[in-house]
Amino acid sequence: MPSANKFEQDLKQTQKEALLTIEQTSELEGLEQIRIKYLGRRGIITSLLKSLKDLPEKERPALGKLSNQIKSQVEQVLIKRIKEQKEQEAVGGKGEGFFDYTLPGRKGWEGRAHPLTQINEKIVKIFYGMGFEVAKGPDVETDYYNFSALNFPLDHPARDMQDTFYLKGDLLLRTHTSPVQVRVFEKRKPPIRIITPGRCYRNEAINARSFCTFLQVEGFYVDTDVTFADLKGVLSAFVWELFGKDVALRFRASFFPFTEPSAEVDISCVICGGKGCSVCKHRGWLEILGAGMIDPEVFKTVGYDPEKYSGYAFGMGVDRIAMLKYQIDDIRLFYEDDLKFLRQF
Ligand code: DAH
């Protein structure tokens, strides 16, 4: 009867030998030979397992377990080695780091700016080209900057909880970009010519035409002898640059607390050319911005002499302009992050 000791020694010796030769062999052919030599039907490990039955009965369970462990270890190491070798040969037998320059390139994801960002930048760039500087103000404002300093009376409907998101105490989310006028006036003396893009918030029912947040671009110019004609000139140049030279402008008398006189500016419908269609509701005109001469009350509040200075201001909704430019009929599409929509721009 063969001794258990001898069996165990043979087994461990075989394990050592097998693992070493696997490690030293790189050809697939050689690895196959190793498989046959150790694990084949007449292989060394297979034979050792077969001879288990000749061992003394009380030694068998422990040695059987050990034999199986060694057999599966050698199998796994061998399979892993064969797999590695096959992968290396698949990249042309050139080994790790081989790069096949003849393979067609993989197309990367091309990022792009959101359509609102694109239009916003376009608007800012047009005014920048006309000598306007860019300024920014905070999204969280105080009642003073958003309303009081802009001459909104205490009972103005825009101050209602229905329309404005009020935060703690005196704070609110700005409902327009006009408060930046006041912030700039406080810090600087005329002449100032500024464009201020930014996000605004209104507590409105969400539907295809209005959303709880939107972008505005505010512009203003204060100097001695600024007139309504300057305002008309700058806005016409802007509209023609953005929508094309054949678009007509119309200034309609309106009211804003911080401008006097005030106007709403329409452009001839960019879809139908003014003939009348569903976008312009058969009016031929589209409203695109509010504007006016800055009210002397605002100048008094910030310590400018209204006798010496005059200025104009205007504010436009970027979302609305983007909707017109791209003929989008639902503002919510801008905020849904739907890639099928966004990739079109
Ligand atoms: N702030 C106004 C709004 O959000 C838009 C506006 C109108 C801005 C007239 C102006 C202006 O600067 O002169 O409805």
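About the thresholds
- Residues numbered from 1 in each chain as written.
- Predicted model: local features only at pLDDT ≥ 70, side-chain atom pairs only at ≥ 80, totals over all residues.
- Heavy atoms only, no water.
- Helix = DSSP H or I, 4+ residues; strand = E, 2+ residues; numbered from the N terminus.
- Rg over C-alpha atoms; globule rule 2.2 N^0.38 Å.
- Buried < 20%, exposed > 50% of the residue type's maximum accessible area, 1.4 Å probe, protein only.
- Patch = residues over 30% accessible without salt bridge, like charges linked within 9 Å, V, L, I, M, F, W, Y side chains within 5 Å.
- Areas by Shrake-Rupley, 256 points an atom, 1.4 Å probe, with all protein chains shown as cover.
- Salt bridge = Lys/Arg side-chain N within 4 Å of Asp/Glu carboxyl O.
- Lys, Arg positive; Asp, Glu negative; His and termini not counted.
- Charge placed at Lys NZ, Arg CZ, Asp CG, Glu CD.
- Near = heavy atom within 4 Å.
- Polar contact = N/O pair within 3.5 Å; in protein donor to acceptor, adjacent residues only side chain to side chain.
- Nonpolar A, V, L, I, M, F, W, Y, C, P; charged D, E, K, R; others polar.
- Pairing = 2+ DSSP bridges.
- Contact = heavy atoms within 4.5 Å.
- Axes fitted to C-alpha atoms, helices over the stretch in contact; angles between N-to-C directions.
- Domains from an automatic or database assignment.
- Core = buried A, V, L, I, M, F, W, Y, C linked by side-chain atoms within 4.5 Å.
- Phe/Tyr/Trp six-rings, centres within 6.5 Å; stacked < 30°, edge-to-face > 60°.
- Lys NZ or Arg CZ within 6 Å of the ring centre and 35° of its normal.

**Student:** Got a sec to walk through the overall build of the chain? Specific residues and values, please.
**Tutor:** Looking only at helices and strands, the chain features 11 helices and 9 strands. By the compact-globule yardstick of 20 Å for 345 residues, the chain is too spread out, its C-alpha radius of gyration being 39 Å. For the chain, the C-alpha atoms occupy an extent of roughly 120 × 50 × 40 Å along the three principal directions. Buried positions account for 42% of the 345 residues belonging to the chain.

**Student:** So what about a positive patch on the surface? Which residues, and what values?
**Tutor:** A cluster of basic residues, Arg41, Arg42, Lys50 and Lys53, forms a positive patch at the surface. Among the structural elements, Lys53 can be located in the loop between α3 (44-50) and α4 (60-90). The class of Lys53 is exposed, set by a relative accessible area of 59%.

**Student:** I'd love a proper account of the site of the ligand, names of residues and values included.
**Tutor:** Neighbouring residues of the ligand: 15 residues in total, closest His176, Ser178, Arg202, Gln216 and Glu218. Between Gln216 and the ligand, the recorded distance is 2.8 Å, taken from a side-chain N or O atom to an oxygen atom. Side-chain polar atom of Glu218 to an oxygen atom of the ligand: 2.6 Å apart, as the coordinates give it. Burial of the ligand by the protein amounts to 90% of the accessible area it has alone, namely 350 Å². At the level of elements, β5 (213-223), β8 (285-294) and β9 (310-317) are the ones that each hand at least two residues to the shell around the ligand. Among the residues forming the shell around the ligand, the class breakdown is 5 nonpolar, 8 polar and 2 charged.

**Student:** Report on the pairing of β5, specifying residues and quantitative values.
**Tutor:** Of all 11 residues that make up β5, 11 are buried, and the element is covered over most of its length. Where burial is concerned, the two faces of β5 agree: the one with Thr213, Leu215, Val217, Gly219, Tyr221 and Asp223 and the one with Phe214, Gln216, Glu218, Phe220 and Val222 are both buried. Where strand β4 (residues 192-201) lies against β5, 10 bridges are found, and the strand directions are antiparallel. By the bridge assignment, Pro197 is partnered in β5 with Val217. With 8 bridges joining them, β5 and β9 adopt antiparallel strand pairing.

**Student:** Explain the pattern of salt bridges residue by residue, including any values.
**Tutor:** Oppositely charged side chains are able to pair whenever their charged atoms sit close together. A complete count under the given rule lists 17 salt bridges for this structure. The salt bridge partner of Arg188 is Glu133, with a shortest N-O separation of 2.9 Å. Placement of Arg188 in the loop between α7 (179-187) and β4 and of Glu133 in strand β1 (residues 133-134) is noted, with a sequence separation of 55 residues between them. Given the relative accessible area of 35%, Glu133 is considered partly exposed. What emerges from the salt-bridge pattern is a single network uniting Arg250, Arg252, Glu264, Asp266 and Glu287.

**Student:** With reference to specific residues and values, describe the sheet that holds strand β7 (residues 259-268).
**Tutor:** Pairing within the open sheet is mixed, and its 7 strands lie in the order β1-β4-β5-β9-β8-β7-β6. Among the strands making up the open sheet, the edge pair consists of β1 and β6 (249-256). As judged from the 7 bridges shared by β6 and β7, these two strands associate in the antiparallel manner. Bridging across to β7, Phe251 finds its partner in Val265. In the packing of helix α8 (residues 228-243) onto the sheet, the strands contacted are β6, β7, β8 and β9, and the crossing angle to β9 comes to about 30 degrees. Sitting on the sheet, helix α10 (residues 318-326) is in contact with β5, β8 and β9, with an inclination near 60 degrees to β9.

**Student:** With reference to specific residues and values, describe the domain arrangement of the chain.
**Tutor:** If you check the domain split of the chain, you get domain 1 (4-90) and domain 2 (115-342). Domain 1 and domain 2 are separated by 80 Å when their C-alpha centres are compared.

**Student:** Could you give me a rundown of the nonpolar core, with the residues and numbers involved?
**Tutor:** Residues Ile123, Phe127, Tyr312, Phe314 and Met316 are the most contacted members of the largest nonpolar core, which totals 46 residues. With 7 residues, α8 is the largest single contributor of residues to this core. In terms of nonpolar packing, the next biggest core, distinct from the first, is built from 23 residues, Ile192, Ile194, Phe220 and Ile294 among them.

**Student:** Lay out the packing of aromatic side chains in plain terms, naming residues and giving numbers.
**Tutor:** Under the defined criterion, the tally for this structure stands at 20 aromatic pairs. Considering the side-chain rings of Phe127 and Phe132, the 5.4 Å spacing of their centres and the 80 degrees angle between planes classify their relative orientation as edge-to-face. We note that Phe127, like Phe132, is buried. Grouped by ring-pair contacts, the aromatic residues Phe127, Phe132, Tyr221, Phe238, Tyr312 and Phe314 constitute a single cluster. One cation-aromatic arrangement involves Arg193 over Phe132; the distance from NZ or CZ to the ring centre is 5.9 Å. The lysine or arginine in question, Arg193, covers the ring of Tyr221, its NZ or CZ lying 4.4 Å from the ring centre.

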